[in-house]
Amino acid sequence: MKYRSANTYFRERFRRKVYKVGLSLDVTCPNRDGSKGEGGCIFCSAEGSGDFASSCCLKVTDQIDMAVDKLSGKTGADTAYIAYFQSFTSTYCDPSYLRQALLEASKHPKICALSVATRPDCLPEEILEVLREASDRMPLFVELGLQTSSDVTAELINRCYKTELYDKAVSDLHEAGAEVITHIIFGLPGESTGDMLDTVRYACEQGTDGVKFTCLYILKGTKAEKKWHDGLIRPLQMDEYFDIVEEALNILPENVIVHRLTGDGPKRILLAPLWTADKRSVVNYINRRFGH
Ligand code: SF4
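A few points on the structure.

Analysis parameters
- Residues numbered from 1 in each chain as written.
- Predicted model: local features only at pLDDT ≥ 70, side-chain atom pairs only at ≥ 80, totals over all residues.
- Heavy atoms only, no water.
- Pairing = 2+ DSSP bridges.
- Helix = DSSP H or I, 4+ residues; strand = E, 2+ residues; numbered from the N terminus.
- Near = heavy atom within 4 Å.
- Nonpolar A, V, L, I, M, F, W, Y, C, P; charged D, E, K, R; others polar.
- Buried < 20%, exposed > 50% of the residue type's maximum accessible area, 1.4 Å probe, protein only.
- Arc of directions from axis to C-beta.
- Salt bridge = Lys/Arg side-chain N within 4 Å of Asp/Glu carboxyl O.
- Polar contact = N/O pair within 3.5 Å; in protein donor to acceptor, adjacent residues only side chain to side chain.
- Phe/Tyr/Trp six-rings, centres within 6.5 Å; stacked < 30°, edge-to-face > 60°.
- Lys NZ or Arg CZ within 6 Å of the ring centre and 35° of its normal.

## Concerning the sheet that holds strand 9 (residues 257–260)
- Read from one edge of the open sheet, eight strands run 1-9-7-6-5-4-3-2, paired in parallel fashion. Both outer strands of the open sheet, strand 1 (4–5) and strand 2 (18–23), are each paired with one neighbouring strand and no more.
- Note: strand 1 against strand 9, two bridges, orientation parallel. Along strand 9, the bridge assignment pairs Arg4 with Ile257.

As structure tokens, then:
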């Protein structure tokens, strides 16, 4: 099936194999500290979606070194890396702290680009200025957790911002020189396939440069766990999930890069859907079905 994968895009753009290394800043999220909400989005683990990232107690350079070391078994000498600030809301901090972290990452010899995960409601002008400076130094991606374009679903998952903020965030980020990658979750409570595809259409209409799809995971200790026990959430089966992914790929404009067809929840706290834990069989399935 034809779609533009991140692998292909990175190879064209950086002319070599590129991996992402997950990093953490000492930040939280406005949806956890009470300023917008409490307890976070219903699916978010205690690590703030940064379960695979390094510890924020370490210097950025040390985090990168450790992550690169861990990958050394599968990478070659000319592999380049994207410094991915992944945990919680990486722009929810003092602008000077973010500036310093991005500067440090961009000086690391193995780093070819920066990526920052955040929310559309955490991009004030001072932060946009920091992002502008960073994008002047090297390619910059900003990953926005949209998950759904429906404000009704957003309320059910305790996202705590209105969808309209996403529109402005995308245009502000483009103006700051960043490429936008939008996170979308399939299988959120109460959503039909039509609703999920509406989210994909909406993100594309607003000008997202890339998408990351994932299914809704039920992780231990999250609010979703209780809803799942109460029968209010039905995790998607593998075929069912990839049927939706296929429909989503069919409506994506050619220029939109697919950074992820599905994620993999942290195994030690994953309750459902368990097919996502078998990474090898998921990769084989994707290769068979989508040919990448
Ligand atoms: S906005 Fe991100 S970090 Fe904050 S609660 Fe939601 S998923 Fe977690």
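## A few points about the site of the ligand
- If you check the shell around the ligand, you find nine residues, and the closest are Cys29, Gly40, Cys41, Cys44 and Arg119.
- For the shell around the ligand, the residue count by class is five nonpolar, two polar and two charged.

## Points about helix 1 (residues 6–14)
- Where helix 1 is concerned, the buried positions are Ala6, Tyr9, Phe10 and Phe14. Axial view of helix 1: buried residues confined to an arc of 100°, hence all on one face.
- Of the residues trailing helix 1, Arg15 is marked for its positive phi of about 60°.

## With respect to the pattern of salt bridges
- What the rule picks out here adds up to 18 salt bridges.
- In this structure, Asp121 engages Lys36 in a salt bridge whose closest nitrogen and oxygen atoms are separated by 2.9 Å. Taken together, the residues Asp121 in the loop between strand 4 (111–118) and helix 4 (125–137) and Lys36 in the loop between strand 2 and helix 2 (60–70) connect sequence positions 85 residues apart.
- For Asp121, a relative accessible area of 17% gives the class buried.
- Under the relative-accessibility criterion, Lys36 is labelled partly exposed at 43%.
- When salt bridges that share partners are traced, they join Glu125, Glu129, Arg132 and Glu175 into one network.

## Some thoughts on the environment of Gly22
- Here Gly22 lies in strand 2.
- A residue is classified by how much of its surface remains accessible, and Gly22, at 15% relative accessible area, is buried.
- A C-alpha to C-alpha distance of 12 Å links Gly22 and Thr61, two positions 39 residues apart in sequence.

## A few points about the side chain of Ser106
- Turning to its location among the elements, Ser106 is positioned in helix 3 (residues 95–107).
- With a relative accessible area of 13%, Ser106 lands in the buried category.
- Of note is the side chain of Ser106, whose polar atom sits 2.9 Å from the backbone oxygen of Leu103.

## Here we look at the pairing of strand 7 (residues 210–215)
- Taking burial as the measure, the six residues of strand 7 include six buried ones, the bulk of the element.
- Neither face of strand 7 is exposed, since Gly210, Lys212 and Thr214 on one face and Val211, Phe213 and Cys215 on the opposite face are all buried.
- Direction of pairing for strand 7 relative to strand 9: parallel, over a ladder of three bridges. The partner of Lys212 across the bridge, within strand 9, is Arg260.

## What to know about the packing of aromatic side chains
- With the rule as written, the count across this model stands at 11 aromatic pairs.
- Residues Tyr9 and Phe10 carry aromatic rings whose centres are separated by 5.7 Å and whose planes lie at 40° to one another, so their mutual orientation is tilted.
- In this structure Tyr9 comes out as buried when scored by relative accessible area, which is 9%.
- For Phe10, a relative accessible area of 7% translates into the label buried.
- A centroid spacing of 5.1 Å and a plane angle of 35° characterise the contact between Phe242 and Tyr285, whose relative ring orientation is tilted. Here Tyr285 lies in helix 10 (residues 279–290) and Phe242 lies in helix 9 (residues 238–251), a separation of 43 residues in the sequence.
- A relative accessible area of 9% places Tyr285 in the buried class.
- Here the aromatic cluster, defined as three or more aromatic residues joined through ring pairs, consists of Phe186, Phe213, Tyr241, Phe242, Trp275, Tyr285 and Phe290.
- If you follow Lys17 out to its NZ or CZ, it ends over the ring of Tyr19, 5.3 Å from the centre.
- For the cation-ring pair, Arg159 lies above Tyr161, with the distance from its terminal atom to the ring centre recorded as 4.0 Å.

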